[in-house]
Amino acid sequence: MKKLLVLAALLCATPAAAHVTIDPPQAQANGYLRAAFRVPHGCGQQATIRVTVTLPEGTTVARPMPKAGWRISITRQPLATPVSDGHGGMITHAITQIVWEGGPLPNEHYDEFVIAMRTPNRPDETIWIPTVQHCDGGGIAAWVEIPEAGRRSTDYRFPAPSLRLTPPRTAGGH
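Residues numbered from 1 in each chain as written. Predicted model: local features only at pLDDT ≥ 70, side-chain atom pairs only at ≥ 80, totals over all residues. Heavy atoms only, no water.

Novice: Report on the overall build of the protein chain, specifying residues and quantitative values.
Specialist: Regarding its fold elements, the protein chain presents one helix and 12 strands. Traced from its N-terminal end to its C-terminal end, the protein chain shows the element sequence α-β-β-β-β-β-β-β-β-β-β-β-β. By residue count, 36% of the 174 residues in the protein chain fall in the buried class. If you take every contact in the protein chain between residues at least 6 apart in sequence, the share linking residues at least 24 apart comes to 71%. Accessible surface for the protein chain amounts to roughly 10000 Å². Of this, 55% is attributable to carbon and sulfur atoms. (Helix = DSSP H or I, 4+ residues; strand = E, 2+ residues; numbered from the N terminus. Buried < 20%, exposed > 50% of the residue type's maximum accessible area, 1.4 Å probe, protein only. Contact = heavy atoms within 4.5 Å. Areas by Shrake-Rupley, 256 points an atom, 1.4 Å probe, with all protein chains shown as cover.)

Novice: Go over the state of the cysteines, please, and point to the residues and values.
Specialist: By the definition in use, this model includes one disulfide. A sulfur-sulfur distance of 2.0 Å marks the disulfide that ties Cys43 to Cys135. In this structure, the disulfide formed by Cys43 and Cys135 twists by about -85 degrees around the S-S bond and is classed as left-handed. Remark: Cys135 occurs in strand E10 (residues 131-135) and Cys43 occurs in the loop between strand E3 (32-39) and strand E4 (48-54); sequence separation between them is 92 residues. Take Cys43: its relative accessible area is 1%, and that puts it in the buried class. You can call Cys135 buried: its relative accessible area is 2%. (Disulfide = S-S within 2.5 Å.)

Novice: With reference to specific residues and values, describe the nonpolar core.
Specialist: By size, the foremost hydrophobic cluster in this structure holds 26 residues, and its most contacted members are Phe37, Val53, Leu55, Trp100 and Ile115. For this core, the elements supplying multiple residues, two or more each, are E3, E4, strand E7 (90-105), strand E8 (111-118), strand E11 (140-143) and strand E12 (162-166). (Core = buried A, V, L, I, M, F, W, Y, C linked by side-chain atoms within 4.5 Å.)

Novice: How would you summarise unusual backbone geometry if you had to cite specific residues and measurements?
Specialist: Omega for the bond connecting Asp23 with Pro24 falls within 30 degrees of zero, at 5 degrees, which places this linkage in the cis form. Here Pro24 is to be found in the loop between strand E1 (21-23) and strand E2 (26-28). Omega for the bond connecting Gly103 with Pro104 falls within 30 degrees of zero, at 5 degrees, which places this linkage in the cis form. With respect to the element layout, Pro104 can be found in strand E7. Positive phi, normally seen in glycine, also occurs at Asn30, with a value near 60 degrees. Summarising the element assignment, Asn30 is placed in the loop between E2 and E3.

Novice: How would you explain the sheet that holds strand E6 (residues 70-84) if you had to name every residue and give the values?
Specialist: Spatial ordering of the open sheet is given by E6-E7-E4-E10-E11, a layout of five strands whose pairing is antiparallel. With partners counted over all chains shown, the strands left at the sheet margins are E6 and E11, one partner each. With direction set aside, neighbouring strand axes in the sheet form an average angle of 15 degrees. As paired elements, E10 and E11 share four bridges and run antiparallel to each other. Paired with Val132 across the two strands is Ala142, which belongs to E11. (Pairing = 2+ DSSP bridges. Axes fitted to C-alpha atoms, helices over the stretch in contact; angles between N-to-C directions.)

Novice: Give a description of the environment of Ile95 that names residues and reports values.
Specialist: Residue placement: Ile95 occurs in strand E7. Separated by 36 residues in the primary sequence, Ile95 and Thr59 have C-alpha atoms spaced 5.8 Å apart. Setting aside its immediate chain neighbours within four residues, Ile95 contacts Leu55, Thr59, Thr60, Val61, Ala62, Ile74, Thr75 and Arg76.

And the structure:
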């Protein structure tokens, strides 16, 4: 009986087989983006009941799209120095995390969790956005591994979703 309980706990904590991705996979640095975090299914035999997205440093604007049956919470952190919002106002807080909770997302379904955001001003960089699926029954599928220099996301079992930042376009389109 004890072995069965240990096996059941391991199965609940087993990650989903396919990882969370971002669509589109690249965007302009310091630009606005509609990013869809694609969750290909629930957690093995369990449903996903919470999705936590940890945004990269430098994210000052992030607005999650509401989803029927899910509650949203946003974590903010004060900025050391306020930045312009581009409309005559000032932004005083960075957005560090967005959580959708409720659902559920059954294992046999997929879904997208959408954030309209301003990307960090870091052209020619790949940013990593750790995302965690919290499963009914207490398990998790934590897509949080960030590749070391010289390695690729495919070298990892639990890669964080990535977004390649391109240089901003010039006024002439070049």
